[in-house]
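Coordinate analysis (summary)
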Amino acid sequence: MSTGNGASSAPGHTPTTTTRAAGRKTKSSMFRSLKIRNYRLFATGQVVSNTGTWMQRIAQDWLVLSLTGSASAVGITIALQFLPMLVFGLYGGVLADRLPKRPLIVATQSLMGLTGVALAVLTLAGHVQVWHVYLAALLIGLITVVDNPARQTFVSEMVGPDQIANAISLNSANFQSARLVGPAVAGLLITAVGSGWAFLLNGLSFAAPVAALLLMRPAELHRTTPQPRAKGQLREGVRYVAGRPELLWPIVLVGFVGTFGFNFPIWLTAFVSDVFHADAGTYGLLNTLLAAGSLAGALLAARRGTSRLRMLVAAAVLFAVLEVAAAFAPSFWLFAALLVPIGMFGLTVNVTANAGVQTACDPEMRGRVMALFMMVFSGGTPIGAPLVGWVTDTYGARTGMAAGGLVSLAAAAAIGVVLSRIGNLRLSVSRRGVVFVPAGPRGHLVKAA
């Protein structure tokens, strides 16, 4: 996948000594984006908020399961949270391109905090019903329509074009670090005092990113000129992606993986409840192991500093294969152990595609392109979650998880063949296994003319 203007990806390019040295320097500077004050503030605020977000996710899923006893109800909750992204996602990208991003993110983060506090009040007062949780999930989804593309594209304004890939990887590491803590704390809170306190702490946690945004130095931002309001901006964004294979096919791949392969709240609640007959603490443990693998994947991506086609396809295939293997794991501890590499390769798919797409698109289109990316990755959940929830309820947790892995595997294999032709790659069988290797001197995806 191209990470620049495409010139260095062209066939016949031979890396020079300078290029190799730069590569070694890039790999050794895993945390280089944190040297930038504005990004350091942003990352600090996000790790607090992300911890609260993971606490609420665990508490929300467990509360719905407790109120209804149904994995399908958990799937409906997830679907409601991501449905707005599917329906309105592109409009959120248009707004992100039109409006100044920092004040826009302050507004969206504040609204998310208020939603968490409202759900906490209902739960702690003992009046919560499942429709309250559904409504809160829907409201968060509506806010996320604008918040997601704004936050994704604000990264480039904080760190500049040379550090985008590293900052995106560190964002993911930040999110997964919070995922290590949030589920474990949520499990303890739910067991000890109930879900309401997890919702309250999540609501209060949004004060951290809001404060971080207000403390930034505007003069140090690499601001993108907001696009003036004009007709056809949404269609322009779709046509832009459709005409660029280095954007289109990675987005399609993460769409399939996100829709069918990332339904862990449904599968893990079902495995804990129906297969292993455990409690909320075990559910938190499994989410923590998944997060540990995801954190490793994010840090490895930050160290690499580039987004390669071979890495994207290979990670998607390995993620799907391991997911199927975990579905039929005969013991709890084998299932738990497999969640670590599943998290690592799943996160690698997301980060590699995200960084490659952001660096390959023009700055004035980045909001709409990332809105489309998030729309297919997260917006497909309203389609996949209820379907996977129904399969899980009807045929069992193992069949549900295996089905998601098999769909992801089929998509990765098919799209991998398409991308290999665009990227001038071929299959090679050796002692290392069956892998994609460059048909020419380089293995990056070549930009279309």
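Let us look at the structure shown here. What you see is a predicted model, and the numbers here were worked out from it, not measured in a lab. Here, residues in each chain are numbered from 1, in the same order as that chain's written sequence. At least 70 in pLDDT is required for a residue's local features to be given in this predicted model, at least 80 for side-chain atom pairs to be given and counted, and no such filter applies to totals for whole chains, interfaces and linings, which use all residues. Where side-chain values are given, they derive from all heavy atoms of the structure, hydrogens and water being excluded.

Regarding the overall build of the protein chain
Our working definition: We count a stretch as a helix when DSSP gives it H or I for four or more residues in a row; a strand needs E for two or more, and each element gets its number in order from the N terminus. Only protein chains enter the accessibility calculation, which uses a 1.4 Å probe; a residue is then buried when its area is under 20% of its type maximum, exposed when over 50%, and partly exposed in between. Throughout, a contact is declared for two residues whenever any of their heavy atoms are within 4.5 Å. Areas reported as accessible are Shrake-Rupley estimates using a 1.4 Å probe. Residue values count occlusion only from the protein chains shown.
Within the protein chain, the regular secondary structure consists of 17 helices and two strands. Put simply, the protein chain has 449 residues, and 55% of those count as buried. For the protein chain, the proportion of contacts with a sequence separation of at least 24, taken over those separated by at least 6, is 85%. By element, 66% of the accessible surface of the protein chain is carried by carbon and sulfur atoms, the whole surface being about 18,000 Å².

Some thoughts on the side chain of T108
Turning to its location among the elements, T108 is positioned in helix 4 (residues 101-124). Judged by its relative accessible area of 6%, T108 falls in the buried class. Excluding its chain neighbours within four sequence positions, the residues that come into contact with T108 are I143, V146 and D147.

What to know about the environment of P84
Among the secondary structure elements, P84 is positioned in helix 3 (residues 71-98). Between the alpha carbons of P84 and L138 there is a distance of 7.4 Å; along the sequence they are 54 residues apart.

Some details on the nonpolar core
What counts is decided by this rule: Note on terminology: a nonpolar core comprises buried Ala, Val, Leu, Ile, Met, Phe, Trp, Tyr and Cys residues joined through side-chain atoms within 4.5 Å.
F264, I266, L286, F335, I342, F373 and M401 are the most contacted members of the largest nonpolar core, which has 77 residues in total. When residues in this core are grouped by element, the largest group, 10 residues, is from helix 14 (residues 332-360). Setting aside residues up to four positions removed in sequence, L286 forms contacts with L268, V272, F332, F335, A336 and L339. Core analysis: the next-biggest nonpolar cluster, separate from the first, contains 27 residues, F42, V106, M216 and L221 among them.

Some thoughts on unusual backbone geometry
Although it is not a glycine, H277 sits at a positive phi angle of roughly 50°. Note that H277 resides in the loop between helix 11 (264-275) and helix 12 (280-304). For H277, a relative accessible area of 62% translates into the label exposed.

Examining helix 15 (residues 366-377)
To keep it simple, the criterion reads: Here, expected helix span is obtained from the residue count minus one, scaled by 1.5 Å.
In this model helix 15 runs 16 Å from its N-terminal to its C-terminal C-alpha over 12 residues, within 8% of the 16 Å that 1.5 Å per residue would give. Of all 12 residues in helix 15, 11 are buried, a share of seventy percent or more. R366, G367, R368, V369, M370, A371, L372, F373, M374, M375 and F377 are the residues of helix 15 that are buried.

Remarks on the packing of helix 10 (residues 245-261) against helix 15
The following threshold applies: Axes, fitted as lines to C-alpha atoms, cover a helix only where it is in contact. Angles between the N-to-C directions of the axes lie from 0 to 180 degrees. Residue polarity follows a fixed list, in which Ala, Val, Leu, Ile, Met, Phe, Trp, Tyr, Cys and Pro are nonpolar, Asp, Glu, Lys and Arg are charged, and the others, Gly among them, are polar.
Contact geometry of helix 10 with helix 15 gives a least axis separation of 7 Å together with a crossing angle of 30°. Contact residues: helix 10 offers I251, V254, G255, G258 and T259, while helix 15 offers V369, L372, F373, V376 and F377. Across the contact of helix 10 with helix 15, the residue classes break down as seven nonpolar, three polar and no charged.

Details of the packing of aromatic side chains
To be explicit about the condition: Working definition: rings of Phe, Tyr and Trp (its six-membered ring) pair if their centres are within 6.5 Å, and the pair is stacked with planes under 30 degrees apart, edge-to-face with planes over 60 apart, and tilted otherwise. For a ring to carry a charge above it, either NZ of a lysine or CZ of an arginine must fall within 6 Å of the ring centroid while also lying within 35 degrees of the normal to the ring plane.
Evaluated as defined, the whole model comprises 14 aromatic pairs. On the numbers, 5.1 Å between centres and 85° between planes, the contact of F276 with F332 is edge-to-face. Taken together, the residues span a long stretch of sequence, with F276 in the loop between helix 11 and helix 12 and F332 in helix 14 at a distance of 56 residues. Their ring planes at 80° and their centres at 4.9 Å tell us that F332 and W333 sit as a pair that is edge-to-face. Among the residues examined, W333 registers a relative accessible area of 61% and is labelled exposed. Chaining the aromatic ring pairs together yields one cluster made of F271, F276, F332, W333 and F335. A cation sits over an aromatic face here: R57 above W54, 4.7 Å from the ring centre.

Focus on a nonpolar patch on the surface
Counted only if it meets this: Two distance rules govern patches: like charges are joined within 9 Å, and nonpolar side chains (Val, Leu, Ile, Met, Phe, Trp, Tyr) within 5 Å, applied only to residues with over 30% relative accessible area and no salt bridge. A side-chain nitrogen of Lys or Arg and a carboxyl oxygen of Asp or Glu constitute a salt bridge if their distance falls within 4 Å.
A cluster of nonpolar side chains, L83, V87, F88, Y91, W131, L135, L139 and L142, forms an exposed patch at the surface whose accessible area comes to about 750 Å². You can see L142 is positioned in helix 5 (residues 130-159). Looking at L142, the relative accessible area reads 40%, which means it is partly exposed.

Let's talk about the environment of F373
Counting through the fold element by element, F373 comes out in helix 15. In this structure F373 comes out as buried when scored by relative accessible area, which is 0%. C-alpha of F373 to C-alpha of N354: the two residues are 19 residues apart in sequence and 7.8 Å apart in space. Ignoring sequence-local partners within four residues, the contact set of F373 consists of I251, V254, N350, A353, N354 and V357.

So, to be careful, I would describe these as geometric facts and stop short of saying anything about function.
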